[in-house]
Amino acid sequence: MNAIELRNLTKTYPQFTVNNVSLDVKRGYITGLIGPNGVGKSTLIKMILGMVRPDSGSVKILGCDMPKHEVDIKQRIGIVSDDCFYYEDVSIRDMKRIIAPFYKKWNEQKFNSYLEQFELSPKKKIGQLSKGMKIKFALAVALSHEAELLIMDEPTSGLDPVFRRELLDLLADMMQDEQNTIIFSTHITTDLDRIADYISFVNRGQLVFSEPKDEVLDRYAIVKGDRQLLDSDIRKKFAGVRETAFGFEGLVEDRQEAERLFGNLAVFEKASLEDIIYYNAKGGRVHA
Amino acid sequence: MLNLLRKDLIAAKISLVMSVGIFAVFCIFFMKKEMSMHLVGIITAFATISSLTLNDTKNHNHQFLVTLPVSRKHIVQAKYVLSLICIIIAVLASYGVHSLVKIAVPGYIPVGYTIIDILVPIAIMLVLTSIYLPFFYSLSEKGAPVLNVIFLFLFLIMGDPVARLIHMASLNGINYPLLYGALLSTVLLYVASCYLTVYLFTKKDL
């Protein structure tokens, strides 16, 4: 079963378009939504949450249509974003007093234990919190109402490495319940290397692929070799090529095909998620 | 709905204290004037409504509100209900304070008050709020403070003549069928404005 089903989502802005995106986020898994900055990841998430209305297409969350069942859906989801638009003039305690009554399954004990774990003082005003602390507070809120689906938009961008690790452990804890699902948008791919089961790659407003992470990492490869190996036909096989005075380095989508093509003349390395983003974003030829 | 009203009371604590301050200052400065009761009620009501609405745009808070398990329709409806409560409280408080002063210090306030002195300021505020809120919810975060400044200037320019008009109307005798007709139209306008704002806010990208 899918936790999120996007069908033909399109949203056009004057200088940017999210174009006909269809995506399934599998229930019980962590899906990483990756891509460079400004390619439509946040717009997609905003469309999922009903903050941005798509020009066309449909969104289904936990089996219910958005925005028709948005109130019921939002009872069952938690949202953590790097832009937490809480009221700046109120304290953490008051912010909790605002948020908690909206949720039927609010767990006060859990919330207080997260505040303690994240070293957040209830008396502190939201405006006085650093970006990282705001994300911690958002996470405490999201994890305190028994959310089945956690939607995270760049949650680790403001966090120090210690809490980033801690966050990944918390997410792993949440995934102990096999019904829970996480979608995690980020351009910091090392986080996804650790925890993601599926990877959905968005580039220039389009979904490039959405597949199990291991399959992606097995399929893609970095090829290194002498520049003489490159001709116009060979170049077309690369998602992106970086050329230097000493040779080339490029990303191929199909490792097996590349191995057949180059044989022993090139070196093959496992591509990282960062490599996949970089070469796809740059495309064509990249000069070092 | 109740949770959204509660949210406003918690988030706008400081603004509400400021409204009490505005009420007190205007009472002190206008008390002796004929139209004091109307002006104090109207200005306090508008100051409270504008601070409550601005509070939601100050830090793009609508983006937070729509992540909660409420629909945009509920967010708008709650603001209309809260505005109505603010209007009634501000006008009644103004009436109460002026009446108390009139009893405590006979002759200090030169005019007497009738039901029209309560109903007309409420009606005026309902009309203004019916215009203000659709603009507020359809404008961007940058546009909302500009809208508040425009309305503030409108109040400063229009407040005194309107209050005089009310006073003259009450002196010339009340045409009750006309009054009730106008009040009913005002309430209908307020309800229609609420539906329009729900429509505009539902279509808006945040």
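Source: prediction; values computed, not measured.

What counts as what
Residues numbered from 1 in each chain as written. Chains lettered and ligands numbered in written order. Predicted model: local features only at pLDDT ≥ 70, side-chain atom pairs only at ≥ 80, totals over all residues. Heavy atoms only, no water. Helix = DSSP H or I, 4+ residues; strand = E, 2+ residues; numbered from the N terminus. Contact = heavy atoms within 4.5 Å. Polar contact = N/O pair within 3.5 Å; in protein donor to acceptor, adjacent residues only side chain to side chain. Phe/Tyr/Trp six-rings, centres within 6.5 Å; stacked < 30°, edge-to-face > 60°. Buried < 20%, exposed > 50% of the residue type's maximum accessible area, 1.4 Å probe, protein only. Lys NZ or Arg CZ within 6 Å of the ring centre and 35° of its normal. Salt bridge = Lys/Arg side-chain N within 4 Å of Asp/Glu carboxyl O.

Participant: Please set out the environment of V202 of chain A residue by residue, giving values where relevant.
Facilitator: Residue and element names in this part refer to chain A. The topology assignment puts V202 in strand β9 (residues 198–203). On a C-alpha basis, the gap between V202 and D218 in space is 19 Å, while along the polypeptide they are 16 residues apart. Apart from the residues within four sequence positions on either side, V202 is in contact with L33, I34, G35, P36, V39, K41, L44 and L207.

Participant: Describe in detail the side chain of H145 of chain A, supporting the description with residues and values.
Facilitator: All names here are of chain A. Mapped onto the elements of the fold, H145 is located in the loop between α5 (131–143) and β7 (149–153). A distance of 3.4 Å separates a polar side-chain atom of H145 from the backbone oxygen of I77. What H145 contacts, discounting residues up to four positions off in sequence, is K74, Q75, I77, G78, Y103, K105 and W106.

Participant: Account for the packing of aromatic side chains, with residues named and values stated.
Facilitator: What the rule picks out here adds up to 24 aromatic pairs over all chains. For the ring pair F238 of chain A and F248 of chain A, a centre distance of 5.6 Å and an interplane angle of 85 degrees mean the geometry is edge-to-face. Of this pair, F238 of chain A sits in strand β12 (residues 238–243) while F248 of chain A sits in strand β13 (residues 248–252), and the two are 10 residues apart along the sequence. Take F238 of chain A and F248 of chain A: they sit in the same class, and that class is buried. Feature note: the residues Y86, Y87, Y103, W106, F111 and F137 of chain A together with F64 of chain B constitute an aromatic cluster, connected by ring pairs. Here R219 of chain A stacks its cationic end above the ring of F209 of chain A, 5.9 Å away from the centre of that ring. Here the basic side chain of R72 of chain B rests over the ring of F201 of chain B, its NZ or CZ set 5.5 Å away from the ring centre.

Participant: Got a sec to walk through the pattern of salt bridges? Specific residues and values, please.
Facilitator: Summed over the entire model, instances satisfying the criterion amount to 25 salt bridges over all chains. Residues E249 of chain A and K224 of chain A are paired through a salt bridge, measuring 3.9 Å at the closest nitrogen-oxygen approach. In this pair, E249 of chain A sits in strand β13 while K224 of chain A sits in strand β11 (residues 221–225), placing the two residues 25 residues apart along the sequence. Sharing partners across several salt bridges, the network here consists of K7, D8, D56 and K79 of chain B.

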